[in-house]
Structure formats: structure tokens, C-alpha cells
Amino acid sequence: MKFNRRGFIKKGVIALIGAQLGYLFFDSFKKKGENEEDQHWYEVGPISNLEANTIYPFQSGQFYLSVLEDGGILAFSVKCTHLGCVIQAQKDGFICPCHASSFNKYGEVMSPPATRALDTFDIKVRNGILFVDHQNAKKRSQFEKPQITYA
């Protein structure tokens, strides 16, 4: 194998360009993943501003936030689990205006025709700010205590 200076420089330049393109390729995937994750999380605001035993509507995020008496928080989809009508918040729960299904503040069915609990969204608290993953509803059959988020 013959080795000359011109060939060595040419292969070196090709290797550097390849390494740079590889770095840009993998780096673009990493940034894309971070941005997509951020797009799913709706920033509610400081958790210290939320009052216990209160239901907050978030029309732009299409969810309700139910703050329980012990400070636990649940985020519900606005869609009824019966036929998908938009539910309305009441003092201690939710009601579907289409077929009169009702749900308590935990999202449990209190009166049919709905047969399962309201869908929930994941919640996270970062530096005292509450975020809701409002694009990935989680179906559930009933309320379970581990579904509650505490700060």
C-alpha cells in the first residue's frame, strides 16, 4: 500500500467531515426529543397558588385540575368517558351535559351512562412550578390513590 502526503490529507479531511456530519445528525435527534417533550407539558404555574379542595379549568390545555383537601392533585381530560362530550366542573365534581353522567373530584363515576373513571394526565413539579402532560391521556377504569400527585 502506497502512502503519500496528498492521500493522507484527503482521507483526513473526509474523516473530519464525516465525524462532523455524524455529530450534527445525532445532536439533531437529541434536541428534537427534548423539544417534543417540552411541547407536551402545559405549564400551570406556581403550585403555591393552588387552593385545596378546588377544581381549576384549563380550557387552552383542555383539562381540569382537581386539588384535593390534602394537597394532592389530579389532572383530568375534559372529555366524558361515555361518548366524549366536554364535561363541566361542578362544586365537588364534574357533569356531562350530553347524557348526565357525573363524576366526583377523583374522577370516579357517580352516575351512568359513563362506565369508567375520567382519563387523567401525568403531572410533574419542577422548581415549584406545576406542569401537566396534556397530550397523553391515560385511560383508567377506576380511581386509585397512586394516581394522585403530591408536591
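An account of the accompanying structure is given in this report. Keep in mind that what you see is a predicted model, and the values were worked out from it rather than measured.

## A word on the overall build of the protein chain
And step 1. The helix and strand tally for the protein chain stands at 1 helix and 11 strands.
And step 2. Taken from N to C terminus, the helices and strands of the protein chain fall in the order α-β-β-β-β-β-β-β-β-β-β-β.
And step 3. For 151 residues, the compact-globule formula gives about 15 Å, and the C-alpha radius of gyration of the protein chain, at 25 Å, lies well above that figure.
And step 4. Projected onto its principal axes, the C-alpha positions of the protein chain cover 85 × 35 × 25 Å.
And step 5. Per-residue burial over the protein chain gives 34% buried out of 151 residues.
And step 6. Counting contacts in the protein chain only where the partners sit at least 6 residues apart, residues at least 24 apart contribute 45% of the total.
And step 7. When the accessible surface of the protein chain is summed, it comes to about 10,000 Å², and 55% of that surface belongs to carbon and sulfur atoms.
And step 8. In the protein chain, 18 positive and 15 negative side-chain charges are present, and the distance between their average locations comes to 18 Å.

## Details of the sheet that holds strand β2 (residues 54-58)
And step 1. Taken in spatial order, the 4 strands of this open sheet run β2-β3-β4-β9, and their pairing is antiparallel. At either end of the open sheet lies a strand with only one pairing partner, and these are β2 and β9 (120-121).
And step 2. Bridging between strand β3 (residues 63-67) and strand β4 (residues 73-77) involves 5 bridges; their strand directions are antiparallel. Its bridge partner lying in β4, L65 is registered against A75.

## Considering the sheet that holds strand β1 (residues 41-46)
And step 1. Spatially, 3 strands are ordered β1-β11-β10 in an open sheet, and the strand pairing comes out antiparallel. Each having just a single partner strand, β1 and β10 (123-126) make up the two edges of the open sheet. Across the sheet, the mean angle separating the axes of adjacent strands is 25° when strand polarity is ignored.
And step 2. Relative to strand β11 (residues 129-133), β1 is paired through 5 bridges, and the arrangement is antiparallel. If you follow P46 over to β11, its bridge partner there is I129.

## Examining the pattern of salt bridges
And step 1. The final tally for this structure, using the stated rule, is 3 salt bridges.
And step 2. K105 is the salt-bridge partner of E69, the closest N and O atoms lying 2.5 Å from each other. Taken together, the residues span a long stretch of sequence, with E69 in the loop between β3 and β4 and K105 in the loop between β7 (102-104) and β8 (109-111) at a distance of 36 residues.
And step 3. Across the pair R116 and D119 runs a salt bridge whose closest N-O atoms are separated by 2.6 Å.

## Description of the state of the cysteines
And step 1. Counted by the stated rule, this structure contains 1 disulfide.
And step 2. Two residues share a disulfide in this structure: C85 and C98, whose sulfurs sit 2.1 Å from each other. Taking the sign of the torsion about the S-S bond as the criterion, the disulfide between C85 and C98, at about -105°, is left-handed. With C85 in the loop between β4 and β5 (88-89) and C98 in the loop between β6 (93-95) and β7, the pair connects residues that are 13 residues apart, well separated along the chain.
And step 3. Judged by relative accessible area, C98 falls into the partly exposed class, the value being 42%.
And step 4. There is no disulfide at C96, and the cysteine sulfur nearest it, in C80, is 3.8 Å away.

Calculation criteria
Residues numbered from 1 in each chain as written. Predicted model: local features only at pLDDT ≥ 70, side-chain atom pairs only at ≥ 80, totals over all residues. Heavy atoms only, no water. Helix = DSSP H or I, 4+ residues; strand = E, 2+ residues; numbered from the N terminus. Rg over C-alpha atoms; globule rule 2.2 N^0.38 Å. Buried < 20%, exposed > 50% of the residue type's maximum accessible area, 1.4 Å probe, protein only. Contact = heavy atoms within 4.5 Å. Areas by Shrake-Rupley, 256 points an atom, 1.4 Å probe, with all protein chains shown as cover. Lys, Arg positive; Asp, Glu negative; His and termini not counted. Charge placed at Lys NZ, Arg CZ, Asp CG, Glu CD. Pairing = 2+ DSSP bridges. Axes fitted to C-alpha atoms, helices over the stretch in contact; angles between N-to-C directions. Salt bridge = Lys/Arg side-chain N within 4 Å of Asp/Glu carboxyl O. Disulfide = S-S within 2.5 Å.

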